[in-house]
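# Structural overview for review
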Amino acid sequence: MFDRPLPSLIDLAIVGAGPQALTLVTHILQKRQKFRNRFMVLDPSGTWLEQWRHQFKAQEIPHLRSPAVHHPDPDPYSLRRFAENRSMELFPPYDLPGTELFEDFCGEVVKKWELTDRVYPGKVSQVLPIQWSQKPRFQIVLTDGSSLIARRVVLATGAAVPNIPQWVEEIRTPYPPSSLCHSQQVDLRLIKDLSGEDIVIVGGGLTSGHLAMGALKRGAMVTLVVRRQLRERLFDAEPGWLGPKYLKGFEGEDCWYGRWEMIKQARDGGSVTPALMLQLRRAARQGKLRILENTEILGAVWKDEQWRVRLNGEVSLMFNRIWLATGTQFNGHEDNLLTDVLRIYRTEMINGLPVLDENLRIPGSQCFIMGGLAALIVGPVARNLSGGRMASDRLVKAIIKPNTMLPLGIS
Ligand SMILES: Cc1cc2nc3c(=O)[nH]c(=O)nc-3n(C[C@H](O)[C@H](O)[C@H](O)COP(=O)(O)OP(=O)(O)OC[C@H]3O[C@@H](n4cnc5c(N)ncnc54)[C@H](O)[C@@H]3O)c2cc1C
């Protein structure tokens, strides 16, 4: 826990304490230990990776989808070394770290870099560009009304907006909130028994598969509604996006809309891993799971304590719960923390993604962005752990440049 009062002035404020922020901090310290006293991290939890932990536990995700080289420490092999006596927790085919192994490893990373007490417990409500002693600064306002002034700010909030299908917006009948949830709201740990319940899960991605297995384990009958065919893929984007194989062409594309299309095609909707596909197909054979492919929901009505769900092909089915595993999108227009920054430092927005400079700054400002919102520069894996490393490489170059390490009042 952060053991000091909120400082009034700081060189670098990092908003969010997820894997991306942790990656950035370790990469900065690796290059410049002296930077230790120049930054602070803010997160409502007051601790590292709380949101990450929550989402993995809530969906009972047994292991990561990304191989063991992707993690917040600068040494790519350190997770593999950490796992030397825990090799059972590296899952085939590419040593995918088990959830607990990854969590313990990240705890080690936090200790190794002496970061345990570096996260201030606070939610940022506004990032205001201001003039302070005639210099451009940011006033970082917290929800409790307190604030601090930062010369530079990094937004690492993982700010993803849930995709809510149009037919959900059109539901007019009142319904109990627990009967229709986006995957981000489902917490399997709080649901003990689903026997006798029919659940429809919308979406064909990994989350859909995890939730289906969680519901089946609790005795539910599950229907998966997938817009296309349920597809099997090891990773959510081709490994070629981690290096020059695809990034060269991406960076050579001058048109921002062209880049946006490349990102969309690279991620290409949802897919499940071969291992999960096997489990789903087995459950389908046992008659516990129904997979409706090339199917879309057209509408739903809550009546007599049940959902009547209308599907294409004039079919209607009854369910007790609807879970939307419809994914999330990154949209700078809907990010509160960007509103005031973008009013002063204007930049083009491409379908919600801001155009940033090569160090991931909003051009002309000292406001940096990590995560999915940086995809126009980092590429399709921007939101992933590997994207955190790629973003950190770009940010570190700008953050620890000698002429940016002046005493706070000077530059
Ligand atoms: C179910 C699931 C599984 C995934 N599996 C993988 C995987 O195996 N491999 C992979 O590479 N990627 C995976 N991803 C992608 C995943 O998003 C990243 O790995 C990682 O969690 C992103 O890190 P982040 O720091 O950007 O976001 P987060 O983990 O969401 O962290 C952001 C932090 O910012 C904080 N925050 C937000 N708003 C504010 C505010 N206003 N003020 C202060 N703090 C704020 C939040 O509290 C949170 O702690 C997965 C994603 C999901 C949803």
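Criteria and thresholds
- Residues numbered from 1 in each chain as written.
- Predicted model: local features only at pLDDT ≥ 70, side-chain atom pairs only at ≥ 80, totals over all residues.
- Heavy atoms only, no water.
- Near = heavy atom within 4 Å.
- Polar contact = N/O pair within 3.5 Å; in protein donor to acceptor, adjacent residues only side chain to side chain.
- Areas by Shrake-Rupley, 256 points an atom, 1.4 Å probe, with all protein chains shown as cover.
- Helix = DSSP H or I, 4+ residues; strand = E, 2+ residues; numbered from the N terminus.
- Nonpolar A, V, L, I, M, F, W, Y, C, P; charged D, E, K, R; others polar.
- Phe/Tyr/Trp six-rings, centres within 6.5 Å; stacked < 30°, edge-to-face > 60°.
- Buried < 20%, exposed > 50% of the residue type's maximum accessible area, 1.4 Å probe, protein only.
- Pairing = 2+ DSSP bridges.
- Axes fitted to C-alpha atoms, helices over the stretch in contact; angles between N-to-C directions.
- Contact = heavy atoms within 4.5 Å.
- Parallel < 35°, antiparallel > 145°, perpendicular 65-115°, else oblique.
- Left-handed = near helix turned anticlockwise from the far one by under 90°.
- Domains from an automatic or database assignment.
- Buried area = accessible area lost by both parts, 1.4 Å probe.
- Salt bridge = Lys/Arg side-chain N within 4 Å of Asp/Glu carboxyl O.
- Expected span 1.5 Å × (residues − 1).
- Arc of directions from axis to C-beta.

Turning our eyes to something else, we now look at the site of the ligand. Near the ligand there are 28 residues, and of these D43, R65, S66, V124 and L385 occur at the shortest range. Here S66 contributes a side-chain N or O atom positioned 2.7 Å from a nitrogen atom of the ligand. Relative to its free-state accessible area of 980 Å², the ligand is covered by the protein chains to the extent of 82%. For the shell around the ligand, the element with the highest residue contribution is helix α2 (residues 50-58), accounting for four residues. In the shell around the ligand, the residues fall into 13 nonpolar, eleven polar and four charged.

Moving on, we get to the packing of aromatic side chains. Applying the stated rule across the entire model yields eleven aromatic pairs. Relative to F235, the ring of Y94 has its centre 5.9 Å away and its plane inclined at 40°; by these criteria the two rings are tilted. Of this pair, Y94 sits in the loop between β3 (90-91) and β4 (96-97) while F235 sits in the loop between β12 (221-225) and α7 (244-252); the two residues are 141 residues apart in sequence, bridging distant segments of the chain. In this structure F235 comes out as buried when scored by relative accessible area, which is 16%.

A word on the sheet that holds β12. Pairing is parallel across the open sheet formed by five strands, whose spatial order is β10-β17-β11-β12-β13. Of all the strands in the sheet, the pair left with one neighbour each is β10 (180-182) and β13 (289-292). Across the sheet, the mean angle from the axis of one strand to that of its neighbour is 20°, orientation sign disregarded. Looking at chain direction, β10 and strand β17 (residues 321-324) are connected through three bridges and run parallel. Within the sheet, the bridge partner assigned to L180 lies in β17 and is I322. The strands touched by helix α9 (residues 274-285) are β12 and β13; relative to β13, the strand with the most contacts, the crossing angle is about 110°.

Orientation of α2 relative to helix α4 (residues 99-112), taken along the N-to-C sense of each, is 170°, at an axis distance of 11 Å. Between α2 and α4, the crossing angle belongs to the class labelled roughly antiparallel. As for how α2 packs across α4, the hand of that crossing is left-handed. Taken together, the residues of α4 that come into contact with α2 (itself represented by W52, R53, F56 and K57) are T99, F102 and E103. Its residues placed into classes, the contact of α2 with α4 shows three nonpolar, one polar and three charged.

For the protein, the assigned domains are domain 1 (9-160 + 329-404) and domain 2 (162-236 + 271-327). Centre-to-centre separation of domain 1 and domain 2, based on C-alpha positions: 32 Å. Contact with domain 1, which involves 14 residues of that partner, is made by 22 residues of domain 2. Its largest share of buried area at the contact with domain 2, domain 1 owes to Q59, E60 and R65, together 48% of the area lost on that side. The tally of links between domain 1 and domain 2 comes to two salt bridges. A salt bridge links K217 to E60, with the nearest nitrogen and oxygen atoms 3.3 Å apart. Remark: the boundary between domain 1 and domain 2 carries nine residue pairs in polar contact (both at pLDDT 80 or more).

By secondary structure assignment, the location of V154 is in strand β8 (residues 147-155). Spatially, the C-alpha atom of V154 lies 8.7 Å from that of R361, the residues being 207 residues apart in sequence. Ignoring sequence-local partners within four residues, the contact set of V154 consists of L12, A13, I14, V15, L24, F368, M370 and I399.

On to the environment of R361, then. Relative to the helices and strands, R361 is located in the loop between β20 (353-354) and β21 (367-369). For the pair R361 and E169, spaced 192 residues apart in sequence, the C-alpha separation works out to 35 Å. For R361, the contacting residues outside a window of four places in its chain are L356, Q366, C367, F368 and A398. For R361, the side chain forms a polar contact with the side chain of N359, separated by 3.2 Å.

This part covers α9. Spanning twelve residues, α9 covers 16 Å between terminal C-alpha atoms, matching the ideal 16 Å at 1.5 Å per step. Buried residues of α9: L276, M277, L280 and A283, and no others. For α9, the arc enclosing every buried residue in end-on projection is 125°, short of the 170-degree limit, so these residues lie on one face. Away from its buried face, by an angle of more than 90 degrees, α9 presents the exposed residues L278 and R285. In this structure, the buried side of α9 is in contact with α6 (206-217), β12 and β13. A positive phi of about 80° marks G287, the residue just after α9.

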